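Breakdown of the fold
Residues per chain are reported as follows:
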Amino acid sequence: MIPYVISNVGMTLDGKLATIENDSRISGENDLKRVHEIRKDVDAIMVGIGTVLKDDPRLTVHKINASPKDNPLRIVVDSNLKVPLNARVLNKDAKTVIATTTPISDEKEEKIRKLKEMGIMVLQAGVQKVDLRKIMNEIYKMGINKILLEGGGTLNWGMFKENLINEVRVYIAPKVFGGANSPTYVDGKGFKNVEECTKLELKNYYPLDDGIVLEYRVIGSFK
Ligand SMILES: NC(=O)c1ccc[n+]([C@@H]2O[C@H](COP(=O)([O-])OP(=O)(O)OC[C@H]3O[C@@H](n4cnc5c(N)ncnc54)[C@H](OP(=O)(O)O)[C@@H]3O)[C@@H](O)[C@H]2O)c1
């Protein structure tokens, strides 16, 4: 068994998550509140190491009325344990799991020891990259039933490719960032053809701030 996963992003009309200089100010006040309502509702929030290194997010519930016990578990997918020990995602505001790969080096062993000293749990699965399905299975065994996947584009691809996403919620801002190298909602290698791509069913949509929110159910990808 694996947890139910909601993928949420704020993106521009051209599907960008940030500009080429990593300016990711896309959402307005109401959209940020919407995201924090979802955070409050889920058991865990998941991001890739790229997002931690670029944005240093806290991944807590702080834009709406909430108490510390509303903070979900934080999961960072990080094959090579690049997470800085002073990253905000490792602070005491909530529990954190680092999902990494199985190969071990002296350096990695030392980092795991330091992380454990800080109360951070480390899960290992996969060799080159984190085996996301195995991690989902481990996380489910820890009692985590619902996860909010908050990006970025590379991890979103990994999760779509493995068919691990159940629901999509996107805020689309009326902006165009452009840039072939700026991060998009789903990056990675991409599907080769329409047959194998992820199919979605539109369930709901509504205007918010100066943009629009779209909510989809994932029908699946057929590989
Ligand atoms: N607008 C929004 O809603 C929003 C939300 C989040 C992020 N962002 C933006 O997105 C950008 C960061 O995205 P990103 O693509 O650079 O990084 P990312 O998706 O946050 O992290 C990707 C990294 O995760 C690691 N990883 C390990 N196993 C993986 C697997 N099986 N599949 C996929 N990834 C795996 C890889 O690094 P290792 O090989 O080192 O492990 C990979 O490079 C930033 O610009 C940020 O501002 C925007």
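All of the points below concern the structure found in this document. If you're wondering where the values come from, they're calculated on a predicted model, not measured in any experiment. (Residues numbered from 1 in each chain as written. Predicted model: local features only at pLDDT ≥ 70, side-chain atom pairs only at ≥ 80, totals over all residues. Heavy atoms only, no water.)

1. Considering the overall build of the protein
Across its full length, the protein carries five helices and nine strands. In the protein, the succession of α and β elements from N to C terminus is β-α-β-α-β-β-α-β-α-β-α-β-β-β. For 223 residues, the compact-globule estimate of 2.2 N^0.38 gives 17 Å, and the C-alpha radius of gyration of the protein, at 17 Å, lies within 12% of that figure. Principal axes of the C-alpha set define a box for the protein whose edges measure 50 × 45 × 35 Å. (Helix = DSSP H or I, 4+ residues; strand = E, 2+ residues; numbered from the N terminus. Rg over C-alpha atoms; globule rule 2.2 N^0.38 Å.)

2. A few points about helix H3 (residues 106–117)
Here H3 is twelve residues long and its end C-alpha atoms lie 17 Å apart, about the 16 Å a rise of 1.5 Å per residue gives. Of all the residues in H3, the buried ones are Lys108, Lys111, Ile112 and Leu115. An end-on view of H3 places all buried positions within 100° of arc, on one side of the element. The exposed set on the far side of H3, more than 90 degrees from its buried face, consists of Asp106 and Glu117. Check the buried side of H3 and you find it contacts strand E4 (96–100) and strand E5 (121–124). Following H3 by one or two positions, Gly119 adopts a phi angle in the positive range, close to 85°. (Expected span 1.5 Å × (residues − 1). Buried < 20%, exposed > 50% of the residue type's maximum accessible area, 1.4 Å probe, protein only. Arc of directions from axis to C-beta. Contact = heavy atoms within 4.5 Å.)

3. Observations regarding the sheet that holds strand E6 (residues 146–149)
In space, the nine strands of this open sheet follow the order E5-E4-E3-E2-E6-E1-E7-E9-E8, with mixed pairing throughout. Each having just a single partner strand, E5 and strand E8 (198–208) make up the two edges of the open sheet. Strand-to-strand twist in this sheet, taken as the mean axis angle between neighbours without regard to direction, amounts to 20°. Note that E8 and strand E9 (residues 211–221) share ten bridges and pair antiparallel. Paired with Tyr205 across the two strands is Leu214, which belongs to E9. (Pairing = 2+ DSSP bridges. Axes fitted to C-alpha atoms, helices over the stretch in contact; angles between N-to-C directions.)

4. Quick notes on the site of the ligand
Residues in close proximity to the ligand total 28 residues, the closest being Asn22, Thr51, Ser79, Lys129 and Thr154. In this structure, Asn22 approaches the ligand through a side-chain N or O atom, which is 2.4 Å from an oxygen atom. When the ligand sits alone it has 930 Å² of accessible area, and the protein chains cover 87% of it. For the shell around the ligand, the secondary-structure elements that each account for two or more residues are strand E1 (4–12), helix H2 (49–55) and helix H5 (153–161). In terms of residue count, the dominant contributor to the shell around the ligand is H2 (five residues). Partitioned by chemical class, the residues of the shell around the ligand number nine nonpolar, 13 polar and six charged. (Near = heavy atom within 4 Å. Polar contact = N/O pair within 3.5 Å; in protein donor to acceptor, adjacent residues only side chain to side chain. Areas by Shrake-Rupley, 256 points an atom, 1.4 Å probe, with all protein chains shown as cover. Nonpolar A, V, L, I, M, F, W, Y, C, P; charged D, E, K, R; others polar.)

5. Describing the pairing of E6
Pairing of E1 with E6 involves four bridges; the strand directions are parallel. Of the residues in E6, the one forming a bridge with Tyr4 is Lys146. Here strand E2 (residues 44–48) runs beside E6; their pairing, made up of three bridges, is parallel. Paired with Ala44 across the strands is Ile147, a residue of E6.

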